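These are the residues of each chain, in order.
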Amino acid sequence: MKKTLLTLAIVFAGAVIFAQACVPNPAEKSTDGNWPAVLNTAWVDSNYRMVITNVVPLDTQVTVSGIPVTATIDSVDINKVTGLPVGYSYACGKPNCHFFGGTEGCTVITGTTSDPSLVGTHPLAIYTTAYATAFSIAQSP
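Report follows, based on the coordinates.

Reading guide: rules and limits
Residues numbered from 1 in each chain as written. Predicted model: local features only at pLDDT ≥ 70, side-chain atom pairs only at ≥ 80, totals over all residues. Heavy atoms only, no water. Disulfide = S-S within 2.5 Å. Helix = DSSP H or I, 4+ residues; strand = E, 2+ residues; numbered from the N terminus. Buried < 20%, exposed > 50% of the residue type's maximum accessible area, 1.4 Å probe, protein only. Patch = residues over 30% accessible without salt bridge, like charges linked within 9 Å, V, L, I, M, F, W, Y side chains within 5 Å. Areas by Shrake-Rupley, 256 points an atom, 1.4 Å probe, with all protein chains shown as cover. Salt bridge = Lys/Arg side-chain N within 4 Å of Asp/Glu carboxyl O. Core = buried A, V, L, I, M, F, W, Y, C linked by side-chain atoms within 4.5 Å. Contact = heavy atoms within 4.5 Å. Pairing = 2+ DSSP bridges. Phe/Tyr/Trp six-rings, centres within 6.5 Å; stacked < 30°, edge-to-face > 60°. Lys NZ or Arg CZ within 6 Å of the ring centre and 35° of its normal.

**Some details on the state of the cysteines**
No. 1: Going through the model one piece at a time under the given rule, you end up with two disulfides.
No. 2: For Cys22, the disulfide goes to Cys106, at an S-S distance of 2.1 Å. Measuring handedness by torsion sign, the sulfur bridge of Cys22 and Cys106 sits at about 105 degrees and is right-handed. One end of the pair, Cys22, is in the loop between helix 1 (2-19) and strand 1 (33-35); the other, Cys106, is in strand 7 (residues 104-111), with 84 residues separating them in the sequence. Each member of the pair, Cys22 as well as Cys106, carries the same accessibility label: buried.
No. 3: Here Cys92 pairs with Cys97 through a disulfide, and the sulfurs are 2.0 Å apart. Taking the torsion about the S-S bond as the criterion, the Cys92 to Cys97 disulfide, at about 95 degrees, is right-handed.
No. 4: You can call Cys97 buried: its relative accessible area is 13%.

What follows is the structure, given as structure tokens:
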């Protein structure tokens, strides 16, 4: 019985460790936003892995009809990422790419390609939905 419990504990711990797509960089947790601002260069025929640290503020200033208003951030969802070259994909370190306000998380871009025609710059667009409260009313801009 002890052997079975120990085996189950080891399997569960391993599953938890490998279930994480990425770990945020602790050096980048001091500023709100996504870090680094510029991704590393990818090379043809080489595996690529780049971790982006996502720091979601607890509150932020927005302008409503010309008036600055403090909005409390409930959460931010990453809906999709476009512009990735063929053979590359992204994964989030949080379930459903859902990041709560006042927390940090990460997104990882991975892939490889052997197609030299993909050499060049690939501007990425990250589409998000932010959920916030302003004027005591829940908003989703």
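The structure having been displayed, the exposition proceeds.
**Examining a nonpolar patch on the surface**
No. 1: Side chains of Val62, Val64, Phe135 and Ile137 sit close together on the surface and give an oily, nonpolar patch of about 340 Å² of accessible area.
No. 2: For Val64, the location among the structural elements is in strand 3 (residues 59-64).
No. 3: The exposure class of Val64 is partly exposed, given its relative accessible area of 34%.

**Some thoughts on the nonpolar core**
No. 1: Core analysis: the largest hydrophobic core is formed by twelve residues, namely Val56, Val69, Ala71, Ile73, Val76, Ile78, Val81, Cys92, Cys97, Phe99, Ala132 and Ala134.
No. 2: Of all elements in the fold, only strand 4 (67-82) and strand 8 (125-134) reach the threshold of two or more residues within this core.
No. 3: Among the elements that line this core, the one with the most residues is strand 4, at six residues.
No. 4: Filtering out sequence-adjacent residues up to four positions away, Ile78 remains in contact with Tyr90, Cys92, Cys97, Phe99, Thr107, Ile126, Tyr127 and Thr128.

**Considerations on the pairing of strand 2 (residues 48-55)**
No. 1: Counting buried positions along strand 2 yields six of eight residues, so the element is predominantly enclosed.
No. 2: Relative to strand 2, strand 1 runs antiparallel, the two being bridged by three bridges. Bridge assignment links Gly33 to a residue of strand 2, and that residue is Val55.
No. 3: Bridging between strand 2 and strand 7 involves eight bridges; their strand directions are antiparallel. Residue pairing across strands places Tyr48 opposite Gly111, the latter belonging to strand 7.

**So, unusual backbone geometry**
No. 1: The omega torsion of the bond from Trp35 to Pro36 falls at 0 degrees, within 30 degrees of zero and hence cis.
No. 2: With respect to the helices and strands, the residue Pro36 is situated in the loop between strand 1 and strand 2.
No. 3: In this model, Asp45 sits at a positive phi of 65 degrees, which is unusual for a non-glycine residue.
No. 4: Exposure remark for Asp45: the relative accessible area of 58% places this residue in the exposed category.
No. 5: The backbone phi angle of Asn96 is positive, close to 60 degrees, even though this residue is not glycine.
No. 6: Inspection of the secondary structure assignment puts Asn96 in the loop between strand 5 (88-92) and strand 6 (98-100).

**Things to note about the packing of aromatic side chains**
No. 1: Summed over all chains, the structure comprises one aromatic pair.
No. 2: Taking the ring centre of Tyr127 as reference, the NZ or CZ of Lys80 above it sits at 5.0 Å.

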